[in-house]
Amino acid sequence: CYQVTGKAGVPVGAVGVTLNVTASLPNAVGHVRVYPDYNNDGASPPPEVSTVNFEVNRDVANSTTISLPADGKVCAYGVGGTLSRLILDVESYTLPGSGINLITPEKLIDTRPQAGYHVGPINGPVQPMTDYTVQVTGVGSVPVGATAVMVNITVVDTNTPGHLRMWAADQAMPATSVVNYAPETKANSQIVALSADGKLKFRSFSYVPTSVSPVQILI
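Below, the structure is looked at part by part.

### Observations concerning the pattern of salt bridges
Inference 1: All chains considered together, the criterion is met by seven salt bridges.
Inference 2: Residue K107 pairs with D110 through a salt bridge whose shortest N-O separation is 3.1 Å.
Inference 3: Residue class for K107 comes out partly exposed when judged on its relative accessible area of 24%.
Inference 4: Here R203 and D131 are joined by a salt bridge, their closest N and O atoms 2.6 Å apart. Of this pair, R203 sits in strand β13 (residues 199-205) while D131 sits in strand β8 (residues 131-135), and the two are 72 residues apart along the sequence.

### Brief notes about the nonpolar core
Inference 1: Within the largest apolar cluster, 24 residues are counted, with the highest numbers of intra-cluster contacts made by L164, M166, L200, F202, I217 and I219.
Inference 2: Elements with a minimum of two residues in this core: β8, β9 (148-156), β10 (162-168), β11 (179-181) and β13.
Inference 3: The element that contributes the greatest number of residues to this core is β9, accounting for four residues.
Inference 4: Ranked by size, the runner-up nonpolar core spans 15 residues in total, among them V21, V34, F54 and I66.

What counts and what doesn't
- Residues numbered from 1 in each chain as written.
- Predicted model: local features only at pLDDT ≥ 70, side-chain atom pairs only at ≥ 80, totals over all residues.
- Heavy atoms only, no water.
- Salt bridge = Lys/Arg side-chain N within 4 Å of Asp/Glu carboxyl O.
- Buried < 20%, exposed > 50% of the residue type's maximum accessible area, 1.4 Å probe, protein only.
- Helix = DSSP H or I, 4+ residues; strand = E, 2+ residues; numbered from the N terminus.
- Core = buried A, V, L, I, M, F, W, Y, C linked by side-chain atoms within 4.5 Å.

Structure (structure tokens):
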């Protein structure tokens, strides 16, 4: 675990921090989980969510906004390949009263059907060019009345390139992507607005059937 408050311009008393997390030159595929030291003991166990999914011998980065506990520390846990180094760059911080409620990361959706992975109402790979609606408010720690969420979106098991779009369920689909994927696992963080009843939508632009590229989505 690493001290954040009191360093890199983050004041003591900050309740959240936005980090750009870079996994540098791993020797095998895997992922890094970055999360708050919620036990305030420097040894908090990691949640079952990834921050950066990395590839062999490449530098891969993703940003994340996470809460800061009383001791002002964040922890990092690696799964898979060994990194030459892990880089945490501070981008911004959150102070009390900001209106942003930061939580320990929770898995909202995992479409993979295997035991120990599957979370949420979508079971199995998502169909291409099909809209999926997901209830967000009232699920886990997201309260009714929230108007947007900070999410980390991961696409796995793809065999062909494509991209994913995500938006508030009562709005028109945007022309912009939240994550662009290839045959490797890809992740990206995004702030997504929610509909009045607390829902979001997403669509996979993979252009091939799931028998060719079984796109699985983790939020």
